[in-house]
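# Observations on chain architecture
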There are 2 protein chains.
Amino acid sequence: MKKFIDSIENLLETSLQGFAKAHADIVKYHNDPRFVQRKTGKTDKVVIISGGGSGHEPLHSGFVGLGMLDAACPGQIFTSPTPDQMLAAAQAVDAGQGVLFIVKNYAGDVMNFEMAAEMLDLPNATVLINDDVSLPKNHSIGRRGVAGTLIVEKIVGAAAEQGADLATCKALAERVNAATASMGVALTSCTVPALGHPTFILADDEIELGVGIHGEHGRETTKLVSASQIVERLSGHIQEELNPQPGQQVLLHVNGFGATPMVELHLMYALAWEFWQQRGLQISRSLVGNYTTSLDMAGCSITLCLLDDEMLNYWDAPVNTAALRWGC
Amino acid sequence: MKKFIDSIENLLETSLQGFAKAHADIVKYHNDPRFVQRKTGKTDKVVIISGGGSGHEPLHSGFVGLGMLDAACPGQIFTSPTPDQMLAAAQAVDAGQGVLFIVKNYAGDVMNFEMAAEMLDLPNATVLINDDVSLPKNHSIGRRGVAGTLIVEKIVGAAAEQGADLATCKALAERVNAATASMGVALTSCTVPALGHPTFILADDEIELGVGIHGEHGRETTKLVSASQIVERLSGHIQEELNPQPGQQVLLHVNGFGATPMVELHLMYALAWEFWQQRGLQISRSLVGNYTTSLDMAGCSITLCLLDDEMLNYWDAPVNTAALRWGC
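So, here is what we can say about the structure in this document. (Residues numbered from 1 in each chain as written. Chains lettered and ligands numbered in written order. Predicted model: local features only at pLDDT ≥ 70, side-chain atom pairs only at ≥ 80, totals over all residues. Heavy atoms only, no water.)

## Let's talk about the overall build of chain A
If you tally the helices and strands in chain A, you get eight helices and 14 strands. For chain A, the proportion of its 328 residues judged to be buried stands at 65%. The contacts in chain A between residues at least 6 apart in sequence include a share of 72% that link residues at least 24 apart. Surface summary for chain A: the accessible area is close to 11,100 Å², and the carbon and sulfur share equals 50%. Positive and negative side-chain charges in chain A, numbering 22 and 36 respectively, have mean positions lying 3 Å apart. (Helix = DSSP H or I, 4+ residues; strand = E, 2+ residues; numbered from the N terminus. Buried < 20%, exposed > 50% of the residue type's maximum accessible area, 1.4 Å probe, protein only. Contact = heavy atoms within 4.5 Å. Areas by Shrake-Rupley, 256 points an atom, 1.4 Å probe, with all protein chains shown as cover. Lys, Arg positive; Asp, Glu negative; His and termini not counted. Charge placed at Lys NZ, Arg CZ, Asp CG, Glu CD.)

## Remarks on the pattern of salt bridges
Residues and elements named next belong to chain B. Evaluation of the coordinates by the stated rule reveals 30 salt bridges over all chains. The partner of K137 in a salt bridge is E241, and the shortest N-O contact between them spans 3.3 Å. Of this pair, K137 sits in the loop between β6 (124–129) and α4 (149–161) while E241 sits in helix α6 (residues 227–242), and the two are 104 residues apart along the sequence. Here K137 falls in the exposed class, since its relative accessible area comes to 65%. Ionic pairing is found between E310 and R175, a salt bridge with its closest N-O pair at 2.4 Å. Residue E310 is located in helix α8 (residues 309–316), and its partner R175 is located in helix α5 (residues 166–178); the two are separated by 135 residues in the primary sequence. The partly exposed category is assigned to E310, whose relative accessible area is 35%. (Salt bridge = Lys/Arg side-chain N within 4 Å of Asp/Glu carboxyl O.)

## Concerning helix α3 (residues 107–119) of chain A
Residue and element names in this part refer to chain A. Over its 13 residues, α3 extends 19 Å from the first C-alpha to the last, a length consistent with the 18 Å expected when each residue adds 1.5 Å. Those residues of α3 not exposed but buried are D109, V110, N112, F113, A116 and A117. Elements that come into contact with the buried residues of α3 comprise β3 (47–54), α2 (83–93), β5 (99–104) and β6 (124–129). (Expected span 1.5 Å × (residues − 1).)

## Section: unusual backbone geometry
Most peptide bonds take the trans form, and the phi angle of most residues other than glycine is negative. Look at the link from E57 of chain A to P58 of chain A: it is a cis peptide, with omega at 10°. Counting through the fold element by element, P58 of chain A comes out in the loop between β3 and β4 (71–77). Omega for the bond connecting L59 of chain B with H60 of chain B falls within 30 degrees of zero, at -10°, which places this linkage in the cis form. Along the chain, H60 of chain B falls in the loop between β3 (47–54) and β4 (71–77). In this structure, L295 of chain A is a non-glycine residue whose phi angle is positive, near 55°. Locating L295 of chain A in the fold gives a position in the loop between β11 (282–289) and β12 (299–306). L295 of chain A gets classed as buried once you look at its relative accessible area, which sits at 2%. Of note, N243 of chain B is a non-glycine position whose phi angle comes to about 45°, a positive value. For N243 of chain B, the location among the structural elements is in the loop between α6 and β10 (249–256).

## With respect to the relation of the copies chain B and chain A
The transformation that overlays chain B on chain A combines an axial shift of 0.0 Å with a rotation of 180°, and the residual RMSD is 0.0 Å. Expressed as a symmetry operation, the mapping of one chain copy onto the other fits a two-fold axis. Among all residues of chain B, the minimum C-alpha distance to the rotation axis is found for A259 of chain B, at 2.0 Å. Comparing interface residues between copies, 100% of those in chain B also lie at the interface in chain A; the contact surface is shared. (Least-squares fit on C-alpha atoms with pLDDT ≥ 70 in both.)

## Description of the interface of chain B and chain A
Contact with chain B, which involves 52 residues of that partner, is made by 52 residues of chain A. Of the roughly 4,500 Å² buried where chain B meets chain A, counting both sides, 66% is carbon and sulfur surface. Broken down residue by residue, the surface that chain B buries against chain A is led by K2, F4 and V263 of chain B, which jointly contribute 21%. Summed over the shared surface of chain B and chain A, the number is two salt bridges. Linking E264 of chain A and K3 of chain B is a salt bridge whose minimum nitrogen-to-oxygen distance equals 3.5 Å. Taken together, the connections running from chain B to chain A amount to 19 residue pairs in polar contact (both at pLDDT 80 or more). (Buried area = accessible area lost by both parts, 1.4 Å probe. Polar contact = N/O pair within 3.5 Å; in protein donor to acceptor, adjacent residues only side chain to side chain.)

Structural data, given as structure tokens:
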């Protein structure tokens, strides 16, 4: 394993300290229990908190700031954060208007956010994100939350910033989640530092369609095919799920898993744009880059979100975080 | 070679079309000859143009927009753009106040920008960027331009936006270049699509200190050591070069080469911050992320820029590009 590292034990802690120093105008970092908190801005509002295993940066800490998250709880790499982190984060940012947890649908995350919710003596709600269409809808553990999560966080973060109450924020988050579908493909595995070797092996001519953001098996291990064919496959599954109608306005997000160059991500975006444009969709907003990563995995995902005017306005609203910034 | 690709021939063209579609609010793309142009904003100003081989994205196209570049000329991957691209770009954005070319010091880039400068019947100037301290100052082909380039582009772009004349912009660019030093390290090679295999080979326990952004050999191939030791080595060479005094305010930039996860880049930033803080520097501004990449190379560089108040104000000035955005 070749990584920039001093020791497995201090990697995450030192990295989070570096993150907080590099973005000291936007965030504060608390190390025990571990959470990243928004530094400035309005406080008499519903607060939005997310979290999950580390290794997906900038998700979630990079989305803490005005117009998006009030706090994020990073677990160890690919490991759920603990309830005490969520509890401490909620108590630090709570403004008496309620707390909304945005939780990707993984067993550990769900359980620990639930425990924190029970411990909180605050108006509290939880929204589960499950935008990954790689698994069937009736899958026993449900579908995974992947790159669509940031779209929920951005839109609901803007609503909270503008004074929406807890019930409105929760309903909006559920509406965005239902309107969002993602599917990913891996060209390579990633290497978790504590493990020291790749999580899974793909042959030189193989790809994993429908991979999860921790390298979970997806729909199919298949031969490497052209970028156009990959886009057709991913987008086809998204189309089956969302069944968007001609004229529908959408947000199209191509997300890199970490090790895929921008020249390839923009190629994938061009091909996905073509796919949806041919089906009459109005591609109103775009996001291309490494936002929901899987350490050093080569690969990407495509996410489509069917926008209504309210969602579009919230997407466009000012945001000032480490990883998304506009209108500020 | 595993990449998202349809054909070697259309990769760059389709990718640039994707880039332009994803950022249609900021840029226009011309495909013959190939350049990316700023879409909106003030025009009666000195225009700032850069360019170079592709494969380093977001450099340079991702820095086209208000407060930074007026145009960028992308060559094929790791290949200089041609003079007709620079000429067409200059003619498209020229506003009669002069054209400044910001050119990384590579033989092909320098020659072709010089030819374009000769062909232009416009007030014209060129600044060479050579911030890479891996090679000695008196090296026969001079030092390479690397991650410091974007700092010059940001600061001079802001000056031009605020109405500085051509001579002032050129002098400022030279001052920033002289105040900036970078050094990089590779953990792996990158793979150029047209080549189909890694450019160079490092053993499983080797790293390349002082690597260039195309994988050029640096100071030394050495054994993999700890992140702290790598930061000491890179920062030590930068210190020898710039000899910053206690109290000096600086911009500290940790740049990823493409395949290194943010968790490691923020670790490197924390260690570099410690190095300079111990030497009494005032780390006033930071930038951490993949900005001057080398396709899918794992590795990073450290850049230090000694700021004066004028440079700091220009750094903070509004910028609205695909890859850097604040104050807008």
